[in-house]
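For reference, the chains in residue letters:
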Amino acid sequence: MTALNRVPSLMARAGTASALTLAAVGGSVVAPGLASEAAAATTATKALQIAASKKGAPYRWGATGPRRFDCSGLTLYSFKKAGKKLPRTAAQQYNKTRHIGARSRKAGDLVFFHSGSNVYHVGIYAGKGKIWHAPKTGDVVRLQKIWTKSVWYGRVK
């Protein structure tokens, strides 16, 4: 596990922590050049927690919260609350992220479902092959296993 992977979980356990506190609890001090990646990891972790907190919220096409969501509305809402602005649709969000391979995916990254070059759905990666998402009309925000290999991953910048 890299230092960047440990920082969000250590900060969640320790609250807002100084570099010395993180070092004392077994963390690593992040080098100045990597500070923006550490901040991005923290933002992604917050967005993931916000999406999970919306468990059971009903799906509504075009809804961006706080009580109802469509897929990209949930990701937009979650990242906005975590301090990052995303565009409205899944395709626009894909075009705004840093594209990464499946082996590089981390909790908090966006998962884009596609057919050919058409992005039609988005969720937030929760780890272990699962996403938080607002699936479809008649359903609710929930954690679900990724059901297809036709996905791309993006990291919010």
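What counts, and where the lines are drawn
Numbers given for residues are sequential positions, taken from 1 along each chain in its written order. A pLDDT threshold of at least 70 governs which residues receive local features in this predicted model, and a stricter bar of 80 or more applies before side-chain atom pairs are shown or counted, although totals over entire chains, interfaces and linings include all residues. The basis for every side-chain value is the complete set of heavy atoms in the structure, and neither hydrogens nor water enter the calculation. Here a strand is any run of E in DSSP of at least two residues, a helix any run of H or I of at least four, and the numbering for each starts at the N terminus. Whether a residue is buried, partly exposed or exposed follows from its accessible area with a 1.4 Å probe, protein chains only, as a fraction of its type maximum: under 20%, in between, or over 50%, in that order. Residue contacts are defined here by distance: any two heavy atoms, one from each residue, within 4.5 Å place the two residues in contact. Areas reported as accessible are Shrake-Rupley estimates using a 1.4 Å probe. Residue values count occlusion only from the protein chains shown. By convention a nonpolar core is built from buried Ala, Val, Leu, Ile, Met, Phe, Trp, Tyr and Cys residues, the set being connected through side-chain atoms within 4.5 Å.

Some details on the overall build of the chain
Then, number 1: Scanning the chain for helices and strands turns up five helices and six strands.
Then, number 2: Secondary structure of the chain in N-to-C order comes out as α-α-α-α-α-β-β-β-β-β-β.
Then, number 3: By residue count, 41% of the 157 residues in the chain fall in the buried class.
Then, number 4: In the chain, the proportion of contacts linking residues at least 24 apart, taken out of those at least 6 apart, comes to 52%.
Then, number 5: When the accessible surface of the chain is split by element, carbon and sulfur atoms take 54% of a total near 8800 Å².

Details of the nonpolar core
What tends to happen in soluble globular proteins is that the nonpolar side chains get buried as a cluster.
Then, number 1: If you look at the biggest cluster of nonpolar residues, it comprises 24 residues, and the most contacted ones within it are F69, F79, L110, F112, V122, I124 and V141.
Then, number 2: Elements supplying a minimum of two residues to this core: helix 3 (35–53), helix 4 (71–82), helix 5 (90–96), strand 2 (110–115) and strand 3 (118–127).
Then, number 3: Per-element accounting of this core gives the leading share, five residues, to helix 4.
Then, number 4: Among residues more than four places away in sequence, those in contact with V122 are C71, S72, T75, A90, Q93, L110, V111, F112, F113 and H133.

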